[in-house]
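# A structural walkthrough
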Amino acid sequence: MATTDYPDPPAKNIGPKNPLIQAGEGAVDFVDERTGIVGVGKWFMFRNVPKGISWFQTLGFTAMAVFGMQAITGIILAMYYKPDPATAHASIDAITNEVTWGWLVRGMHKWGASVMIVVVFLHMGRVFIWGAYKYPRELTWVTGALLLFMTMMMGLTGYLLVWDQKAYWATVVAVNITAQAPILGPYLGQILRAGPEFGPNTLSRFYSIHMLLIPGGIATFIAIHLALVSKLGIAETPWSKRRLAIEADEEDAKRRAARERIVHGRTPVPAGQPAPDPVRTEVDA
Ligand code: HEM
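Here goes a summary of the coordinates provided. (Residues numbered from 1 in each chain as written. Predicted model: local features only at pLDDT ≥ 70, side-chain atom pairs only at ≥ 80, totals over all residues.)

### As for the overall build of the protein chain
Rule in force here: The numbering of helices and of strands both runs from the N terminus, where a helix is a DSSP run of H or I of at least 4 residues and a strand a run of E of at least 2. For every residue, the other C-beta atoms within 10 Å of its own C-beta are counted; 20 or more classify it as buried, 12 or fewer as exposed, and values in between as partly exposed. C-beta atoms are placed from the backbone. The contact rule is simple: place each C-beta atom from the backbone, and if two of them lie within 7 Å, those residues are in contact.
Looking only at helices and strands, one finds eleven helices and zero strands in the protein chain. Counting from the amino terminus, helix and strand elements in the protein chain follow one another as α-α-α-α-α-α-α-α-α-α-α. Seen through its C-alpha atoms, the protein chain measures out along the principal axes to roughly 100 × 90 × 35 Å. In the protein chain, which comprises 285 residues, the proportion classed as buried is 17%. The contacts in the protein chain between residues at least 6 apart in sequence include a share of 69% that link residues at least 24 apart.

### Side note on the packing of helix α7 (residues 165-179) against helix α8 (residues 185-193)
Angle between the axes and distance between the axes: these two values describe a pair of packed helices. Put simply, the rule reads: The axes used here are C-alpha line fits, helices contributing only the stretch in contact, and every angle between their N-to-C directions lies in the interval 0 to 180 degrees. Orientation categories follow fixed angle ranges, with anything under 35 degrees roughly parallel, anything over 145 roughly antiparallel, 65 to 115 roughly perpendicular, and all other angles oblique. Residues are sorted three ways: Asp, Glu, Lys and Arg are charged, Ala, Val, Leu, Ile, Met, Phe, Trp, Tyr, Cys and Pro are nonpolar, and all the rest, Gly among them, are polar.
As a packed pair, α7 and α8 sit with axes 7 Å apart at the nearest point and diverge in direction by 150°. On the basis of the axis angle, α7 is roughly antiparallel to α8. On α8, the residues that touch Val175, Thr178 and Ala179 of α7 are Gly185, Pro186, Leu188, Gly189, Leu192 and Arg193. Residue classes in the contact of α7 with α8 are distributed as five nonpolar, three polar and one charged.

### Digging into the nonpolar core
Note the cut-off: Note on terminology: a nonpolar core is a set of buried residues of type Ala, Val, Leu, Ile, Met, Phe, Trp, Tyr or Cys, with members joined through C-beta atoms within 7 Å.
Membership of the largest hydrophobic core comes to 23 residues, with the highest contact counts inside it found for Ala63, Met116, Leu161, Leu203 and Phe206. Elements with a contribution of two residues or more to this core: α3 (59-80), α4 (88-97), α5 (102-129), α6 (138-160) and α9 (200-232). In terms of residues, this core owes the most to one element, α9, which gives six residues.

Here it is, written out as structure tokens:
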């Protein structure tokens, strides 16, 4: 009998599975059958990456991780912070000096804010230098630019919450500058101050923007940003031979199309008729 007639050897049977693993798999199957989550998870987590990627491509994830830390420490701070002009500063004092590990959580949140801005800028610089904003990733860049704006707005709105002289006057300056902008400026100033003047309502307004509005916006846009990254894949390195060849081909195609447009822009001489000679026509007349 030829060797190809033998059936494949059976998969190695190592006995019944651990009941915990069986229960886990059963739960995953239950959820997957109703949601298709496993397929989505695989699409999101497992994809090919181009040759030559390095630590520079980890900056986006770092920004996301720092945002996660900010969310966790922020939730803990919000449990003790009192957003009222009469009590805000005292509650910050209590977090720093009385609450167990409050100084640590507050310190992590404060330094985390600066780290997040620096990391987002580094990530943006990496994307710019790699040329990863080019076709087809323009919208990834646009959603990133909105994330950068929202990250900076987190810094502005969080700074006021300490409610000391420095925080108060620094925010007055920032809001006054915003209010000077043409057309929309006065409206933005009004929205940020929660009225024509700085006052108790301004603190609540900033607290709500800092706690709810912008974190919600950042979480939503990170989801869109990452969906685009998953769909389009990571850009190839600028020095990749494949990418250089593709870009050269595109450039070539553009030039060819431009040359054809010039030809089509002129009226061709109908076939079989000699081109009129303008000099002779003039002499005949
Ligand atoms: C909260 C802020 C941000 C987070 C959490 C974030 C997250 C990420 C992650 C995880 C990736 C994939 C891995 C990587 O390339 O690092 C990525 C890619 C990308 N990001 Fe961001 N990002 C942020 C801000 C920005 C900003 C400010 C820009 C530009 C204005 C930007 C533009 C892009 C682009 C174009 C890509 C695709 C890069 C490629 O294909 O190589 N992102 N982002």
